[in-house]
Amino acid sequence: MSGLDFEYAIKKDIRNNPIVREVDEARQRQLWQTTGIGLFLVVVLLFSAWQHFELLRHGYQIERMQQERAAEEDINRHLRLEIETLRAPRRIEKIAIEQLHLVPPSRGQAIVIERVTQAAPPEKSIVASR
C-alpha cells in the first residue's frame, strides 16, 4: 500500500447539518402542477379504459341474449310443430277408431251445417237497437 492510497482510506468527517436549504417556491409549484397533470391523465386513462371494458361487456351480453333468443325461437318452432302434429285430422281419426271404437259416419248420416251469414241491411233502413 502506497502513501497515496492511505490518504484516501481516511474518512473525513464533514458535517453539513448546519446547512439549511431554502424551499424553492417555483420548483415546488412546478412539482405540484406536474403531479396534478399526471393524476388528471391517469384519471382520463382509467375512465377511457372503463368505457372500453363496459362496451366489451355489453357486446358480450348482447351476443349472449341473441343466442338465448335463437334457442327460444327454436323451442317455439318445435312446440308449434308438435301442436300441428297433434291437431292432424288423420291422427285424430286413428285415435277415434282404434282407442275410442268410433265408426265413421255413412254419407246419409253425415250432415254438413253451413254458417249463415247475415246480409247487410239496405242503406235506407232503420235498425232498432236496445
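Residues numbered from 1 in each chain as written. Predicted model: local features only at pLDDT ≥ 70, side-chain atom pairs only at ≥ 80, totals over all residues. Heavy atoms only, no water.

Colleague: I would appreciate a short explanation of the packing of aromatic side chains in the present structure.
Modeller: We describe a pair of aromatic rings using the distance from one ring centre to the other and the angle between the two ring planes. Here the structure, examined in full by the defined rule, presents 1 aromatic pair. Arranged with centres 5.8 Å apart and planes meeting at 35°, the rings of Phe47 and Trp50 form a pair that is tilted. Placement of both Phe47 and Trp50 in helix α2 (residues 25-86) is noted, with a separation of 3 residues, approximately one turn of the helix. (Phe/Tyr/Trp six-rings, centres within 6.5 Å; stacked < 30°, edge-to-face > 60°. Helix = DSSP H or I, 4+ residues; strand = E, 2+ residues; numbered from the N terminus.)

Colleague: Hey, could you run me through unusual backbone geometry in this one?
Modeller: Glycine aside, the phi torsion of most residues is negative, and most peptide linkages are trans. Despite not being glycine, His101 has its phi angle at roughly 55°, a positive value. Note on placement: His101 falls in the segment after α3 (89-98). Owing to a relative accessible area of 64%, His101 belongs among the exposed residues under this scheme. (Buried < 20%, exposed > 50% of the residue type's maximum accessible area, 1.4 Å probe, protein only.)

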